[in-house]
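So the chains spell out like this:
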Amino acid sequence: MLNLIKLAVQMQGLSQHLTQEASANHRRLELAQEYFRRACDYQGELIQKQQQWQKNILFANATPVEPLNTCINISTPPKIHTIIATDGSQIAPSHHEIAYCYLLNIGRVILHYCQNKHPILDSLPEIFYRQEDLYISRQWGIKTEEWMSYRRTKSEVLTLVELATSIEKEIPTLAMVDGSLIYWFLEQLSSDARQHILPPILKAWRQMQDAQIPVMGYISASRSIEGMNFLRLVACPHPSPDCMSFCHNHKEKLPCQVFESLRDTSLWINQLQPGQRGPLWRSNTRILDLYEDQQIYFCYVHVGAEIARVEVPEWVIKEENLFDISLRLMLSQVYKGYGYPIAIAEAHNQAVVSGRDKTHFFAFLEQQMIKAGLKNVGVSYKEARKRGGIA
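Since this is a predicted model, take the numbers as computed values, not measurements.

(A) Examining the nonpolar core more closely. W205 and M330 are the most contacted members of the largest nonpolar core, which has 71 residues in total. For this core, the leading source of residues is helix α4 (residues 144-164), giving 8 residues. Setting aside its immediate chain neighbours within four residues, W205 contacts V157, L181, Y183, V215, Y291, Q294, I296, P313 and W315. Listed in part, the 30 residues of the second largest apolar core include A235, L262, L267 and F298.

See the structure below:
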């Protein structure tokens, strides 16, 4: 039980800290805006330096492929269009339950606008219980719980392409997922483990490309600093941004970290008006070296309630008008969802596994185990005591 009286004392200190941090962030933002104006004047020169010294730069940074001061109004979408979205949830494995297994539940949504068609709103559950499913990740030093989340990411994309290939190709369509298309977790995986996750995703994206259905990752409350890190090239006090030569001995922050803790969204909230997008960026994160021809581009969009980050594969950018239509459909979804894409929200609602769902799942599993002739079916004493206290 939470002791609210003791918590209130600590909350006073937290409030003071947040006030001080807000004041410091305001000063950092003013400095970032000054560097932004300077970067606009020397953008071409900065990009040349970035490309020349990219391998020696110690921080992740993106490359603007449009002028930094780009502010483009996003127009209304075509009335007839289709939106596809997936999202996932899970029941994690536990040795204290009646059986050691886990469940992935992928929410599926297809919304047809002005087409006189019924939407699809459902979910696809999949249970994993075989030894090869539960313990395959142990050989790479990955916990089953972590591997389960990686499998869920792959399942969301594979389900997305299954939905996309089932609809009419002539109608403008956008496929959306919640979160980034840059799978940062791949950096910590061995090459063998990556082969189980990334190649199927890249293959699915190519199928989407063949069908000319753009896939977009929508990130709300983005914490990315790839754009802000480009401004660090302006703040660099050395003749070249060669971190390996000049700054490899710095134990604390580098001298170019003059607006540390500011996110990209902090800058664009003052640059964009509602319904506008900023410049297009190409991400240079090293994990994208594994993406072959599916490099990731992104931009920031003022959706009214916040600055959202949207990501698409490179082919969406290169196809004429495809990126523009994607943004128009995305913004329409945000407006329909009162600040968040309604298709993704519905996919989440379809995927979520409630406490009641979890109880029904294990009750059904218990019935099947008893029918199979298994004895002593039940949870551990620890789990039983947690579910019902004695005192």
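(B) Broad picture of a nonpolar patch on the surface. Together, M11, L14 and L18 make up an exposed nonpolar region whose accessible area comes to about 280 Å². By the secondary structure assignment, M11 is in helix α1 (residues 4-41).

(C) The arrangement of the side chain of S283 in detail. Along the chain, the position of S283 falls in the loop between β9 (281-282) and β10 (296-302). Here S283 falls in the buried class, since its relative accessible area comes to 2%. At a separation of 3.5 Å, a polar atom in the side chain of S283 contacts the main-chain amide nitrogen of T285.

(D) The packing of aromatic side chains, seen in detail. Counted under the stated rule, the structure contains 14 aromatic pairs. Ring centres of W140 and W147 lie 5.4 Å apart, and the angle between their planes is 50 degrees; this geometry places the pair in the tilted category. Residue W140 is classed as buried on the basis of its relative accessible area, which comes to 19%. Taking the relative accessible area as the measure of exposure, W147 reaches 1% and is therefore buried. For the ring pair Y218 and Y340, a centre distance of 5.6 Å and an interplane angle of 85 degrees mean the geometry is edge-to-face. Taken as a pair, Y218 in strand β7 (residues 215-219) and Y340 in the loop between α11 (322-336) and α12 (342-351) lie far apart in primary sequence, 122 residues in all. Aromatic rings pair up to connect W140, W147, Y150, Y183, F185, W205 and Y291 into one cluster. A cation over a ring is seen here: R232 above F59, with NZ or CZ 3.8 Å from the ring centre. Taking the ring centre of F298 as reference, the NZ or CZ of R309 above it sits at 3.7 Å.

(E) The arrangement of the pairing of β7 in detail. For β7, a buried count of 5 out of 5 residues is recorded, marking the element as mostly surrounded by other parts of the structure. Judged by which residues are buried, β7 turns out to be covered on both faces: V215, G217 and I219 on one side and M216 and Y218 on the other are all buried. Alignment of strand β6 (residues 173-178) against β7, held across 4 bridges, turns out to be parallel. Opposite V177, over in β7, you have G217 as the bridge partner. The pairing of β7 with strand β11 (residues 307-313) spans 3 bridges and is antiparallel. Of the residues in β11, the one forming a bridge with Y218 is V310.

About the cut-offs
Residues numbered from 1 in each chain as written. Predicted model: local features only at pLDDT ≥ 70, side-chain atom pairs only at ≥ 80, totals over all residues. Heavy atoms only, no water. Core = buried A, V, L, I, M, F, W, Y, C linked by side-chain atoms within 4.5 Å. Buried < 20%, exposed > 50% of the residue type's maximum accessible area, 1.4 Å probe, protein only. Helix = DSSP H or I, 4+ residues; strand = E, 2+ residues; numbered from the N terminus. Contact = heavy atoms within 4.5 Å. Patch = residues over 30% accessible without salt bridge, like charges linked within 9 Å, V, L, I, M, F, W, Y side chains within 5 Å. Areas by Shrake-Rupley, 256 points an atom, 1.4 Å probe, with all protein chains shown as cover. Salt bridge = Lys/Arg side-chain N within 4 Å of Asp/Glu carboxyl O. Polar contact = N/O pair within 3.5 Å; in protein donor to acceptor, adjacent residues only side chain to side chain. Phe/Tyr/Trp six-rings, centres within 6.5 Å; stacked < 30°, edge-to-face > 60°. Lys NZ or Arg CZ within 6 Å of the ring centre and 35° of its normal. Pairing = 2+ DSSP bridges.

Keep in mind that these numbers describe shape and distance, not what the molecule does.
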